[in-house]
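Understanding the architecture of this molecule
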Amino acid sequence: MSTDSPAEPLLERAADALPPLDTVPTTLVALAREAGHRGTPAPLAETLLVARPLLAAAGLAIPDGPLTVAAGPLDVRFTHVDTDSRVGPSGAAGTDDALRVSGTLHRVPWARAAEAAVVLTEGPCGGPVLFLLEAAEWRQVAGTNLAGEPRDDLVLLDVAVPAERVRRVPAALVREAEWRSGLARAALIAGAARRCVELTVAHTTSRMQFGRPLSHFQAVKQEEAKLVEEAALVAAAVEAAASALAEPASAEFTAWLAAAQAAASVAEITRVAHQLHGAIGFTELSPLHLATTRMWSWRDEDGGERAWQQRIGRHVLDGDGDHLWQQVTGAPDDTGARPVGQRPTG
């Protein structure tokens with residue numbers, strides 16, 4: 001199978017120069033898919049699909065280098081407390097948005113390779129805040145996922161974050177961070193799924209059994225068809241979500257669908273790929289395990305299959321379930337159903 005992709009020229013230089021900020025969303029998703037296909041050892045998906053869009057939405061300056069994203073409870077205080085404020089408890093208001101931050105952010109992807117981290121947490125004023133941490137400001141405790149990719153803990157010891165790197169943000173941006181993270185994982189899984197197909201087809205074509213290639217056996221052909229089908233399902237869902245990024249009303253729902261489909265397909269894709277490879281697929285000699293262990297790890301990060309399906313279910317129950325098919329497929333509907341992902345009004 002051909003591995004040519006329009007994302008490849010950009011991917012080749014991504015480690016040295018990330019694509020411009022005005023790059024179209026479909027190209028950014030294609031880059032993330034190619035990173036999943038190649039097992040690129042860098043936070044490319046986190047930078048392009050999550051960190052940079054969140055910083056742009058919050059109105060913060062976007063650094064040039066690779067970024068990661070983290071969220072979780074922290075001890076956050078205003079650096080300059082407004083002692084004259086009579087709103088809320090003592091310390092609930094500041095003369096500016098400068099913060100002092102302590103605590104630990106757990107299992108942050110590729111923190112050791114990132115120049116900065118975009119952090120979402122509860123602010124001292126009672127609402128969510130987004131701020132940018134520079135790599136020199138955290139103490140790192142090394143960790144990895146099943147595939148050996150960095151998932152480090154970041155320890156913050158009374159870190160001073162200046163006001164120009166802090167923004168108070170609406171709950172909608174916190175939700176956007178969640179679905180963008182799910183889409184990033186789905187794009188990575190789509191790329192790794194394509195790698196599983198390529199490796200499996202190459203193996204069954206070259207491996208001889210009873211005087212003929214494995215790929216000539218009907219049972220093997222049937223399993224390969226299942227593998228290709230599941231990989232195509234993930235790719236189609238991710239492509240639909242990528243196209244929807246240009247339309248804010250539909251981007252969230254299609255990202256949930258892509259994340260749910262990718263997570264659901266991992267089990268079947270990895271089962272068939274390893275079954276057709278036999279025991280060699282689990283060994284260090286085979287590149288297959290590099291793709292499948294990543295897929296198992298990515299499936300369970302940023303929510304997992306159950307969490308995404310619950311979000312889809314809540315969306316349907318809160319809206320007009322009679323038009324779910326049109327919402328999922330984008331098929332024409334003359335009955336006035338809302339576009340894909342658009343929330344009900346009123």
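A short tour of the structure in this document, coming up.

**Topic: the overall build of the protein**
A tally of regular secondary structure across the protein gives 9 helices and 10 strands. In the protein, buried positions account for 50% of the 346 residues. Look at the contacts in the protein between residues 6 or more apart in sequence, and 69% of them connect residues 24 or more apart. Total accessible area on the protein is roughly 16300 Å²; 54% of this is exposed by carbon and sulfur atoms.

**Digging into the nonpolar core**
Grouped together as the largest cluster of nonpolar side chains are 68 residues, with contacts concentrated most on Leu49, Leu130, Val238 and Met295. Sorting elements by how many residues they give to this core places helix H4 (residues 171-206) first, with 15 residues. One finds Ala70, Leu105, Ala111 and Val166 within the second-largest nonpolar core, a separate group that totals 20 residues.

**Thoughts on the environment of Gly36**
Tracing the backbone through its elements, the reader meets Gly36 in helix H2 (residues 25-38). Residue Gly36 is classed as buried on the basis of its relative accessible area of 5%. The sequence separation of Gly36 and Ala184 amounts to 148 residues, and the corresponding C-alpha distance is 9.8 Å. Residues contacting Gly36, with those up to four places away along its chain left out, are Leu188, Gly191, Ala192 and Trp298.

**A closer look at the pairing of strand S3 (residues 99-109)**
With 4 bridges joining them, strand S2 (residues 75-78) and S3 adopt antiparallel strand pairing. Looking across to S3, one finds that Val76 is bridged to Val101. Alignment of S3 against strand S7 (residues 151-161), held across 8 bridges, turns out to be antiparallel. Paired with Pro109 across the bridge in S7 is Arg151.

**Considering the sheet that holds strand S1 (residues 67-71)**
Remark on secondary structure: sheet strands pair via backbone hydrogen bonds, oriented parallel or antiparallel. Taken together, 4 strands build an open sheet; the order of strands is S1-S4-S5-S8 and the sheet is mixed. On the outer flanks of this sheet lie S1 and strand S8 (166-168), each paired with one strand and no other. Along the sheet, successive strands turn relative to each other by an average axial angle of 20°, direction set aside. Pairing between S1 and strand S4 (residues 116-122): 5 bridges, direction parallel. Across the sheet, Ala71 pairs through a bridge with Leu120, a residue of S4.

**Comments concerning the packing of aromatic side chains**
Applying the stated criterion across every chain yields a total of 1 aromatic pair. Arranged with centres 6.2 Å apart and planes meeting at 80°, the rings of Phe253 and Trp256 form a pair that is edge-to-face. Of this pair, Phe253 and Trp256 both sit in helix H6 (residues 248-277), 3 residues apart, which is roughly one turn of the helix. Assessed through its relative accessible area of 6%, Trp256 is described here as buried. The ring of Trp308 carries the charged tip of Arg311 above its face, separated from the ring centre by 5.0 Å.

**Here's the deal with the sheet that holds S7**
As summarised here, the arrangement of the 4 strands in space is S2-S3-S7-S6, forming an open sheet in which the pairing is antiparallel. Across the chains shown, the open sheet's two edge strands, defined by having one partner strand only, are S2 and strand S6 (139-141). The average undirected angle you get between the axes of adjacent strands in this sheet is 20°. Bridging between S6 and S7 involves 3 bridges; their strand directions are antiparallel. Bridging from a neighbouring strand, Val141 pairs with Asp153 of S7.

**Some points on the environment of Leu132**
Mapped onto the secondary structure, Leu132 falls in strand S5 (residues 128-134). In the structure, Leu132 is positioned 81 residues away from Ala51 in sequence and 9.7 Å away in space, judged by C-alpha atoms.

**Some remarks on the packing of helix H3 (residues 44-58) against H4**
The contact between H3 and H4 brings their axes to 8 Å, and the two run at 160°. When the axis of H3 is compared with that of H4, the two are roughly antiparallel. Both H3 and H4 take part in a crossing whose hand is right-handed. Packed against H3, whose contacting residues are Ala45, Glu46, Leu49, Val50, Pro53, Leu54, Ala57 and Ala58, the element H4 presents Leu173, Glu176, Ala177, Arg180, Ser181, Ala184, Arg185, Ala187 and Leu188 at the interface.

**Topic: the side chain of His289**
Structurally, His289 is set in helix H7 (residues 288-299). Within the structure, His289 has its side chain in polar contact with the backbone oxygen of Ser286 (distance 2.6 Å).

Rules and cut-offs
- Numbers given to residues run from 1 along each chain, matching the order in which its sequence is written.
- In keeping with the model being predicted, local features are shown solely for residues with a pLDDT of at least 70 and side-chain atom pairs are shown and tallied solely at 80 or more, while totals for entire chains, interfaces and linings include all residues.
- Remark: hydrogens and water are excluded; side-chain values derive from all non-hydrogen atoms of the structure.
- Starting at the N terminus, helices and strands are each numbered in turn, a helix being any DSSP run of H or I of at least four residues and a strand any DSSP run of E of at least two.
- Throughout this description, buried means an accessible area under 20% of the type-specific maximum (1.4 Å probe, protein chains only), exposed means over 50%, and partly exposed covers the range between.
- By definition in these notes, contact holds between two residues if any of their heavy atoms fall within 4.5 Å.
- For the area figures, the Shrake-Rupley method with a 1.4 Å probe applies, and any residue is considered shielded solely by the protein chains shown.
- Only buried residues count toward a nonpolar core. Its members are Ala, Val, Leu, Ile, Met, Phe, Trp, Tyr and Cys residues joined through side-chain atoms within 4.5 Å.
- Pairing between two strands requires that DSSP report at least two bridges joining them.
- All axes here are fitted lines through C-alpha atoms, helices being fitted over the stretch that makes contact, and every angle between N-to-C directions spans 0 to 180 degrees.
- Only centres within 6.5 Å qualify two rings of Phe, Tyr or Trp (six-membered ring in Trp) as a pair; their planes then separate them into stacked at under 30 degrees, edge-to-face at over 60, and tilted for everything else.
- Only lysine NZ and arginine CZ atoms are considered, and such an atom sits over a ring when it is within 6 Å of the ring centre and within 35 degrees of the ring normal.
- Orientation categories follow fixed angle ranges, with anything under 35 degrees roughly parallel, anything over 145 roughly antiparallel, 65 to 115 roughly perpendicular, and all other angles oblique.
- Note: crossing handedness is left-handed where the near helix turns anticlockwise from the far helix by less than a right angle, and right-handed where it turns clockwise.
- Nitrogen and oxygen atoms within 3.5 Å of one another constitute a polar contact, given that in protein one can donate a hydrogen and the other can accept it, and given that sequence-neighbouring residues count only through two side-chain atoms.

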